[in-house]
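What the coordinates show
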Amino acid sequence: MKRPTIADVARRAGVSKGAVSYALNGQPGVSEATRQRILAIAAEIGFSPSRAARSLSGATADAVGLTLCRPARTLGIEPFFMELISGVEAELSARSYALTLQVVADQEAEVAVYRRWWGERRVDGVLVCDLRADDRRVPVLEELGLPAVVIGGPGGTGGLASVWSDDAAALVETVEYLFALGHRRIARVGGLPALLHTEIRTEAFTGVCRRLGLADAVTVPADYTGEEGARATRRLLSSAGRPTAVIYDNDVMAIAGLSVAQEMGLAVPGDLSIVAWDDSPLCQLVHPPLTALGRDIPAYGAHAARQLLAVIGGAPAERVQDETAHLTPRGSTAPPRAS
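First, a word on what this report is: a plain description of the structure on this page. Because the structure is predicted, anything quoted here is derived from the model rather than measured.

Among the nonpolar cores identified, the biggest contains 25 residues, and Leu-84, Leu-92 and Leu-127 are the most heavily contacted of them. Within the residue set of this core, elements represented by two or more residues are strand S1 (63-68), helix H6 (79-94), strand S4 (148-151), strand S5 (161-164) and helix H14 (297-312). Residues in contact with Leu-92, not counting those within four places in the same chain, are Val-64, Tyr-97, Ala-98, Leu-99, Ala-305 and Leu-309. Judged by nonpolar contacts, the second largest core, of 24 residues, contains Ala-222, Ala-232, Val-246 and Met-253.

Here's what the structure looks like:
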C-alpha cells in the first residue's frame, strides 16, 4: 500500500483535488460542511498537507520511527532501551538514516503518531516495541501499509516482520539452574503484566515450576521500576515460607531487591539467591555481583534496524529469531542454607 495522497482524499470526499487543497489550506472556495468532511477524511487516512510537496515528489524521508509507551522516568533509568537504541542508531547512521523517537502516553496516541508520520512522509518505516496480546497497532500498521518490524514475538505480529528472542527457554534454564542448586521456594518479580513477553515469561515460569514440583512458586507483578521491585521484594520476604531465590524481570528491580534483602538482614546468596534479567554493567557493580540473563542488546537493536531497512527496500516480511539470553552465574546465587 502507498502513502495517502491528495487524490485519495478527493476520491473519498467526492470532490476535486482543488477543493481538497482549498479545504486543507483554509482557503475560500468550499462550504464549511465540505471543509469539515474533507478534514475528517484526511485525518482518517493519515494525510497531511504540510508534507504534500514531498509526497508528490516521491522523495523518501531517510528516517525510521520508534515510539515508546513507557513512563519517561522508567526509560531514564532502564539500561535495556538505551542499549537497544544505541544498536539501532549504529546501524541506521551507517546507512545515512535518522531515528525519530517519540514517547507516548498510550496506544491510542501511538497509533495517531503512526498515521501522522506516514501521512506526512516523516518516516519510511517504524520499529514496534512492547507487543501486547491482540495488539491493535498491528492491524493499523498493516492497513496503512507502513513498513514495520516488531521487536518481540514470536506470535502476535500478524503479517509484520519481527525479530524475537526465546524468553521462555531462558526462563526455563534459570529455574532449572536454581533447582539444581537446591532451591525449592522460587519466586519471580515480573514486568508489566499487559506485555506479551511478560505473559510468555509467566507461562514458562509456571510451567517449569509445575514440572519440577515447586508448589510454592509465585509471580508478583511489577512495573520495572526500583520502587515497585522493592515493594514486591518486601512482600515476598515478609511472607510465611519466604522464597530462597527470586528472579527479576529486569536489572533495576533486581538491584532494588538486593538492597531490600540486605536492609532486612538477609545474606545474599546465603539466605536469598537473586537473578536479574538483561545483564548490564549495573549487575556487576553491586555487591555481590548479580547472576544475570544476558544477551547482546545493541546487536539485537542493530538486527531489527537491518531488517526494517530491508523491508523498506521491498524485501518480504520475515520472522527472525535472535540470540536467546544466556545465564551468567555470579556471586548472588548459591545453594540455600540448610533449614
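Alright, that's what it looks like, and here's the rest.
This brings us to the pairing of S1. Each regular strand carries side chains that alternate between the two faces of the sheet. Counting buried positions along S1 yields six of six residues, so the element is predominantly enclosed. Going residue by residue along S1, you find Ala-63, Gly-65 and Thr-67 tucked away on one face and Val-64, Leu-66 and Leu-68 tucked away on the opposite face as well. Pairing geometry for S1 and strand S2 (residues 98-103), over six bridges, is parallel. Residue pairing in the sheet places Thr-67 in a bridge with Gln-102 of S2. In this structure, S1 lies alongside strand S3 (residues 125-128), joined through three bridges in parallel fashion. When the bridges of S3 are listed, Leu-66 appears paired with Leu-127.

In this section: the sheet that holds strand S10 (residues 291-294). Taken in spatial order, the six strands make up an open sheet running S7-S6-S8-S9-S10-S12, and their pairing is mixed. For this open sheet the edge positions go to strand S7 (218-221) and strand S12 (326-328), each flanked by a neighbour on one side alone. With direction set aside, neighbouring strand axes in the sheet form an average angle of 20°. Direction of pairing for S10 relative to S12: antiparallel, over a ladder of three bridges. The residue bridging Leu-293 from the neighbouring strand is Leu-327, located in S12.

On to the pattern of salt bridges, then. Summed over the entire model, instances satisfying the criterion amount to 16 salt bridges. Put simply, Glu-32 and Arg-35 hold a salt bridge, and the shortest N to O gap is 3.5 Å. Highlighted residues: Glu-32 and Arg-35, both in helix H3 (residues 32-45), separated by three residues, approximately one helical turn. By relative accessible area, which is 47% here, Glu-32 ends up partly exposed. By relative accessible area, Arg-35 is classed as buried at 14%. A salt bridge links Asp-279 to Arg-330; its shortest N-O distance comes to 2.7 Å.

Let's shift gears to the packing of helix H7 (residues 107-119) against helix H8 (residues 137-144). Where H7 contacts H8, the two axes come as close as 11 Å, and the packing angle between them is 15°. One element, H7, and the other, H8, form an angle in the roughly parallel class. Considering the relative orientation of H7 and H8, their crossing is right-handed. Contacts between H7 and H8 involve Gln-107, Glu-110, Val-111, Tyr-114, Arg-115 and Trp-118 from the first element and Arg-137, Val-140, Leu-141, Glu-143 and Leu-144 from the second. Residues belonging to the contact of H7 with H8 are distributed by class as follows: six nonpolar, one polar and four charged.

Rules of the game
- Residues numbered from 1 in each chain as written.
- Predicted model: local features only at pLDDT ≥ 70, side-chain atom pairs only at ≥ 80, totals over all residues.
- Heavy atoms only, no water.
- Core = buried A, V, L, I, M, F, W, Y, C linked by side-chain atoms within 4.5 Å.
- Buried < 20%, exposed > 50% of the residue type's maximum accessible area, 1.4 Å probe, protein only.
- Helix = DSSP H or I, 4+ residues; strand = E, 2+ residues; numbered from the N terminus.
- Contact = heavy atoms within 4.5 Å.
- Pairing = 2+ DSSP bridges.
- Axes fitted to C-alpha atoms, helices over the stretch in contact; angles between N-to-C directions.
- Salt bridge = Lys/Arg side-chain N within 4 Å of Asp/Glu carboxyl O.
- Parallel < 35°, antiparallel > 145°, perpendicular 65-115°, else oblique.
- Left-handed = near helix turned anticlockwise from the far one by under 90°.
- Nonpolar A, V, L, I, M, F, W, Y, C, P; charged D, E, K, R; others polar.

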